[in-house]
Amino acid sequence: MAETYDVIVLGSGPGGYVAAIRSAQLGLKTAIVERENLGGICLNWGCIPTKALLRSAEIFHYMNHAKDYGLAAEKITADLDAVVKRSRGVAKQLNQGVTHLMKKNKITVHMGEGKLVAKGKLAVTKDGKTEELSAKHIIVATGARARDLPFAPADGKRIWTYRHAMTPPEMPKKLLVIGSGAIGIEFASFYNDMGAEVTVVEMMDRIVPVEDADVSAFLEKALAKQGMKIMTGAGVESLKASATGVSASIKGKDGKVVNGEYSHCIVAIGIAPNSENIGLEALGVEQVKGHIKTDGLCRTNVEGLWAIGDITAPPWLAHKASHEGVIAAEAIAQALGNKDVHPHEMDVRNIPGCTYCHPQIASVGLTEAKAKEAGYSVKVGTFPFIGNGKAIALGEAEGFVKTVFDAKTGELLGAHMVGAEVTEMIQGYVVGKTLETTEVELMQTVFPHPTISEAMHESVLAAYGRALHI
Ligand SMILES: Cc1cc2nc3c(=O)[nH]c(=O)nc-3n(C[C@H](O)[C@H](O)[C@H](O)COP(=O)(O)OP(=O)(O)OC[C@H]3O[C@@H](n4cnc5c(N)ncnc54)[C@H](O)[C@@H]3O)c2cc1C
């Protein structure tokens, strides 16, 4: 007899495990299916272990700049194995945390490879044995994996994906990073701070191309000042690994091909959805380039089948996955008769994005260019960190805050930041945007002194010609 649930969640990343917890909270009999590690990519191979690595690099950077703060530190060295060990320890701690949360919420965990076999039916295979589960509703949260270069798949020795870069066999001396999205730039920043000679190749005409153009330009200058070599509008034409390194042919902006030798290469050209072999085709689930098509409440075109997180449309971020997990669980509870839940539709315009390179970047909403493209006439304010007392006191005067408003209504359309701690500050604007704030409310908000967040206030004032400290 198949074990029967109200909800089965396939995949236990930040989308899946949060969906399971919310389902259980709402009194639904819930199971989760996972083939590898509870917590998915985010806790085990993504957001969290990279931040642990970057924290070590940040401290190393400060130790190397002790003199700037009137301090002395001698014989500063980095032990990459110990740095990686700490990062893996952090990942393990969080993985165990998810195990605990599953128990606490009485969610049944089925470890194994899951596959949809019919509407409401899922087969889970482990060690050659298959069990069948059934549920009134199934949420697909199988996430994604690194995309390989078609002509040079990662070998884990010289050509790395993010997984190899997180547990490197040795410290790269001369590192080529292909792709300057969040993942590529974070690893470039980490290894650069740790002492590697880093080159970043980006096909688009600027790095972190989804960000505001001013942020891209500022970050490129900052990283170049730290010694990084950055090639934009450039494409890797061939990549060959040997026992000692990697040879790359890179076609530059000017059309000329240059050949370079590197000790290692990280390929960070995007993700591929885990949508193969999970039974989507047989059920007729609509997909766009392998990502499952969903509506604002995470429903697929098949009744009783839901999808959340990286397996669906972008942005491919952990907090988007978790938020969708809650929406899907609440929508399912409602469909099963719970009249006290009120699921809301996801609004992608209010999902922030953070990149933890050095300096950090963070943003929400429309860039200036996208706002203009969408037909808005805009008011734009920019405030540099050099006008902020706390940033100067911290020795972190490199950065700025840019805000974009609808000139007609004063609605905050977007906010873009680069500099220290901006990944912690962006949430102020996210709350404002979610509450559909205007310039008036932001101007009337009191910001604590001294904080870098005062630059957020000043940026709003600057959009209306009222900045005080510049
Ligand atoms: C290096 C790196 C750094 C990142 N940093 C950030 C960051 O700072 N902030 C941020 O918001 N996002 C970050 N991300 C992205 C973030 O990790 C993802 O957006 C997030 O993990 C997506 O969550 P998910 O639940 O959709 O899927 P995943 O986390 O990918 O989890 C899916 C789970 O499903 C399991 N699974 C797949 N198929 C099956 C199957 N057939 N049967 C059983 N189990 C299956 C997988 O094993 C996996 O555990 C980062 C990603 C990487 C790679």
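Now for a quick tour of the structure. Model, not experiment: these values are computed from the prediction.

Thresholds applied
Residues numbered from 1 in each chain as written. Predicted model: local features only at pLDDT ≥ 70, side-chain atom pairs only at ≥ 80, totals over all residues. Heavy atoms only, no water. Pairing = 2+ DSSP bridges. Helix = DSSP H or I, 4+ residues; strand = E, 2+ residues; numbered from the N terminus. Axes fitted to C-alpha atoms, helices over the stretch in contact; angles between N-to-C directions. Contact = heavy atoms within 4.5 Å. Core = buried A, V, L, I, M, F, W, Y, C linked by side-chain atoms within 4.5 Å. Buried < 20%, exposed > 50% of the residue type's maximum accessible area, 1.4 Å probe, protein only. Phe/Tyr/Trp six-rings, centres within 6.5 Å; stacked < 30°, edge-to-face > 60°. Lys, Arg positive; Asp, Glu negative; His and termini not counted. Salt bridge = Lys/Arg side-chain N within 4 Å of Asp/Glu carboxyl O.

1. Overview of the sheet that holds strand 20 (residues 353–355)
Strand order in the open sheet made by the 5 strands is 20-21-24-23-22, with antiparallel pairing throughout. Whereas interior strands pair on both sides, the edge strands pair on one side only; in this sheet they are strand 20 and strand 22 (378–384). If you compare each strand with its neighbour and ignore which way they point, the axes differ by 10° on average. Inspection of the sheet shows strand 20 paired to strand 21 (residues 361–365) by 3 bridges, in the antiparallel sense. Counterpart to glycine 353 in the pairing with strand 21 is serine 363. Lying on the sheet, helix 14 (residues 454–463) is in contact with strand 22, strand 23 (400–406) and strand 24 (412–418); it crosses strand 22 at an angle near 140°.

2. A short note on the nonpolar core
Formed by 36 residues in total, the largest nonpolar core has its most connected members in Phe190, Tyr191 and Val198. Of all the elements in the fold, those that place two or more residues in this core are helix 3 (47–64), helix 4 (80–104), helix 5 (162–166), strand 9 (174–178), helix 6 (182–193), strand 10 (197–201) and helix 7 (213–225). Take this core: its biggest share by element is 5 residues, from helix 6. With sequence-adjacent residues up to four places away left out, tyrosine 191 is seen in contact with Trp160, Ala165, Pro168, Met171, Pro172, Leu175, Ala196, Val198 and Ile266.

3. Section: unusual backbone geometry
Cis geometry marks the peptide bond from histidine 358 to proline 359; its omega dihedral reads 5°. Position of proline 359 among the secondary structure elements: in the loop between strand 20 and strand 21. Look at the link from histidine 449 to proline 450: it is a cis peptide, with omega at -5°. With respect to the secondary-structure elements, proline 450 resides in the loop between helix 13 (439–444) and helix 14. Phi is positive for lysine 75, which is not a glycine, with a value near 45°.

4. A closer look at the packing of aromatic side chains
Tallied over the entire structure, the rule returns 5 aromatic pairs. When the ring of phenylalanine 190 is compared with that of tyrosine 191, the centres are 4.8 Å apart and the planes differ by 70°; the resulting orientation is edge-to-face. In this pair, the class of phenylalanine 190 matches that of tyrosine 191, namely buried. Ring geometry for phenylalanine 218 versus phenylalanine 400: centroids 5.4 Å apart, planes at 80°, classification edge-to-face. In this pair, phenylalanine 218 sits in helix 7 while phenylalanine 400 sits in strand 23, placing the two residues 182 residues apart along the sequence. On the basis of relative accessibility, which here comes to 27%, the residue phenylalanine 218 falls in the partly exposed class.

5. Observations regarding the side chain of glutamate 202
Mapped onto the elements, glutamate 202 comes out in the loop between strand 10 and helix 7. Of the side chains with opposite charge, arginine 206 comes closest to the buried, unpaired glutamate 202, at an N-O distance of 9.1 Å. Setting aside chain neighbours within four positions, we find glutamate 202 in contact with Gly179, Ser180, Gly181, Ile207, Pro209, Met231, Thr232, Gly233 and Ala234.

6. A word on the pattern of salt bridges
For the structure on display, the rule yields 17 salt bridges. Put simply, lysine 51 and glutamate 186 hold a salt bridge, and the shortest N to O gap is 2.9 Å. Taken together, the residues lysine 51 in helix 3 and glutamate 186 in helix 6 connect sequence positions 135 residues apart. You can call glutamate 186 buried: its relative accessible area is 7%. Among the charged side chains, a network of salt bridges with common partners joins Asp212, Asp214, Glu368, Lys372 and Lys402.

Treat this as a map of the structure, not an account of what it does.
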